Amino acid sequence: MRLKRAATPLLVGVGGLAVVVATGVWALSGGLYGCTKADRELAPTLASLPILDAHPSRTRPEDERYSGCDDDDGFAYAGQYYRYTTSRADVLAFYRQAAEEDGWRLESADSSPSPAPGSLAIDTSALCFEKPVAGTTAHLAVWFPSDLGDSPGDYGLDVTASHDGAAWC
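## Digging into the pairing of strand E3 (residues 59-70)
Examined bridge by bridge, E3 and strand E4 (residues 75-84) share nine bridges and lie antiparallel to one another. Bridge assignment links Gly68 to a residue of E4, and that residue is Tyr77.

Quick look at the structure:
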């Protein structure tokens, strides 16, 4: 649920006169979080990127392609899951080449993501790429749900972007 606060008049007595003070900052800005109209319109563009169709010959798409806009963090996203029967190393090598050929620049690589010391958080991106898309920077993540203890034999491609820079791998 998206929180949106409307202007609320507040009566304050100043020298016997009532002064109305409006607290409508949230209403004017559209809230402190959420997706902008530009980011909502960006989601179909991300879903149509050719890199989401690229996959090694020994893999197959799982489920339908998904896309939308994350209202909590304010970014557009699109992605596709794949089932693989080749090695993880082969999947990663494939995307290093395919992404580069499609104009993506490698931002970071971690073939075996693990929790940060002293943290429960895990960086699940085995590969992270960047590329300009529709006037903003898009981020392509290649990740494996098994790094989180889920769905061995699957991997995901996620593309995220936001016109305010709130997207990441």
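## Here we look at the state of the cysteines
Applying the stated criterion across every chain, the model contains two disulfides. Residue Cys35 pairs covalently with Cys69 via a disulfide, S to S 2.1 Å. Between Cys35 and Cys69, the S-S torsion sits near -110°, and that sign places the bridge as left-handed. In this pair, Cys35 sits in the loop between helix H1 (25-29) and helix H2 (37-47) while Cys69 sits in strand E3, placing the two residues 34 residues apart along the sequence. Note that Cys128 is cross-linked by a disulfide to Cys169, the S-S spacing being 2.0 Å. Measuring handedness by torsion sign, the sulfur bridge of Cys128 and Cys169 sits at about 90° and is right-handed. A residue pair is termed long-range when its members are at least 10 positions apart, and Cys128 in strand E6 (residues 125-133) and Cys169 in the segment after strand E8 (154-161) qualify at 41 residues. The exposure class assigned to Cys128 is buried, which follows from its relative accessible area of 6%.

## So, the environment of Tyr66
For Tyr66, the position within the fold is in strand E3. Looking at Tyr66, the relative accessible area reads 26%, which means it is partly exposed. Taking the C-alpha atoms as reference, Tyr66 lies 9.2 Å from Tyr81; in sequence the two are 15 residues apart. Other than its neighbours up to four places away in sequence, Tyr66 contacts Tyr77, Ala78, Gly79, Gln80, Tyr81, Leu157 and Asp158.

About the thresholds
- Residues numbered from 1 in each chain as written.
- Predicted model: local features only at pLDDT ≥ 70, side-chain atom pairs only at ≥ 80, totals over all residues.
- Heavy atoms only, no water.
- Pairing = 2+ DSSP bridges.
- Helix = DSSP H or I, 4+ residues; strand = E, 2+ residues; numbered from the N terminus.
- Disulfide = S-S within 2.5 Å.
- Buried < 20%, exposed > 50% of the residue type's maximum accessible area, 1.4 Å probe, protein only.
- Contact = heavy atoms within 4.5 Å.

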